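Here's the letter readout for the chains.
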Amino acid sequence: MRASFELNLLASTLIEAKKAAYEHISSFLECEPSDVPDRADVELRIKTIDIGEDTKKPLWSESTDLYEITVYGTLKQGVVRPL
């Protein structure tokens, strides 16, 4: 069985984003955050926050230090075993 995931979160630094991602993933997998790299391949996509109302003319926020983080991942083989 294969399993992949997508999480959305806000963070102000890469370290903060990684920590939050690993905490969410480890909670779901019922493991320690330090075990996540052994169980999943994780990729972070970082975007600035568009606070504009016009989708054709984005207004990037300079008043916040937060970034939109999308976490993509795939569980490694053997992590999800059939029942």
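What you see is a predicted model; the values in this text were computed from it and never measured. Going along each chain's sequence as written, the residues are numbered from 1 onward. Where local features are concerned, this predicted model is filtered to residues with pLDDT of at least 70; where side-chain atom pairs are given and counted, the filter is 80 or more; whole-chain, interface and lining totals use all residues. Side-chain metrics rest on all non-hydrogen atoms present in the structure, leaving aside hydrogens and water.

Quick look at the pairing of strand β3 (residues 67–75)
Stage number 1. Inspection of the sheet shows strand β1 (residues 4–11) paired to β3 by eight bridges, in the antiparallel sense. Directly across from L10, in β3, lies its bridge partner E68.
Stage number 2. The rule for pairing is simple: two strands pair if DSSP sees at least two bridges between them. For helices the rule is a DSSP run of H or I covering at least 4 residues; for strands it is a run of E covering at least 2, with both sets numbered from the N terminus onward. Bridge analysis of strand β2 (residues 40–48) against β3 gives nine bridges, and the strand direction is antiparallel. Residue pairing in the sheet places R45 in a bridge with T70 of β3.

Remarks on the sheet that holds β3
Stage number 1. With antiparallel pairing, the three strands of this open sheet are ordered in space as β1-β3-β2. The open sheet terminates on both sides in strands that have one partner only, identified here as β1 and β2. With direction set aside, neighbouring strand axes in the sheet form an average angle of 20 degrees.
Stage number 2. Between two residues, a contact is recorded if the distance between any of their heavy atoms is within 4.5 Å. Axis geometry follows a simple rule: fit a line to the C-alpha atoms, using only the stretch in contact for helices, then measure angles between N-to-C directions, giving values from 0 to 180 degrees. On the sheet, helix α1 (residues 14–29) packs against β1, β2 and β3 and is oriented at approximately 140 degrees with respect to β1.

Digging into the nonpolar core
Stage number 1. Nonpolar cores are built from buried Ala, Val, Leu, Ile, Met, Phe, Trp, Tyr and Cys residues. Side-chain atoms within 4.5 Å join them into one set. Each residue's exposure class comes from its accessible area (1.4 Å probe, protein chains only) as a fraction of the maximum for that residue type: buried when under 20%, exposed when over 50%, partly exposed otherwise. Ranked by internal contacts, the top residues of the largest apolar core, which has 14 residues, are F5, I25, I69 and V71.
Stage number 2. Taken together, the elements giving at least two residues each to this core come down to β1, α1 and β3.
Stage number 3. Ignoring any residue separated from it by four or fewer positions in sequence, one finds F5 in contact with I25, A40, V42, V71, Y72, G73, T74 and L75.

Remarks on the confidence of the model for the protein
Stage number 1. Values of pLDDT, which run from 0 to 100, indicate the predictor's confidence residue by residue. The predicted model of the protein averages 85 in pLDDT, with 77% of residues at 70 or higher.
Stage number 2. When pLDDT is averaged over each element of the protein, α1 comes out on top at 95 and β2 at the bottom at 93.

So, the environment of D38
Stage number 1. Here D38 shows up in helix α2 (residues 36–39).
Stage number 2. On the basis of relative accessibility, which here comes to 58%, the residue D38 falls in the exposed class.
Stage number 3. For the pair D38 and L75, spaced 37 residues apart in sequence, the C-alpha to C-alpha distance is 9.2 Å.

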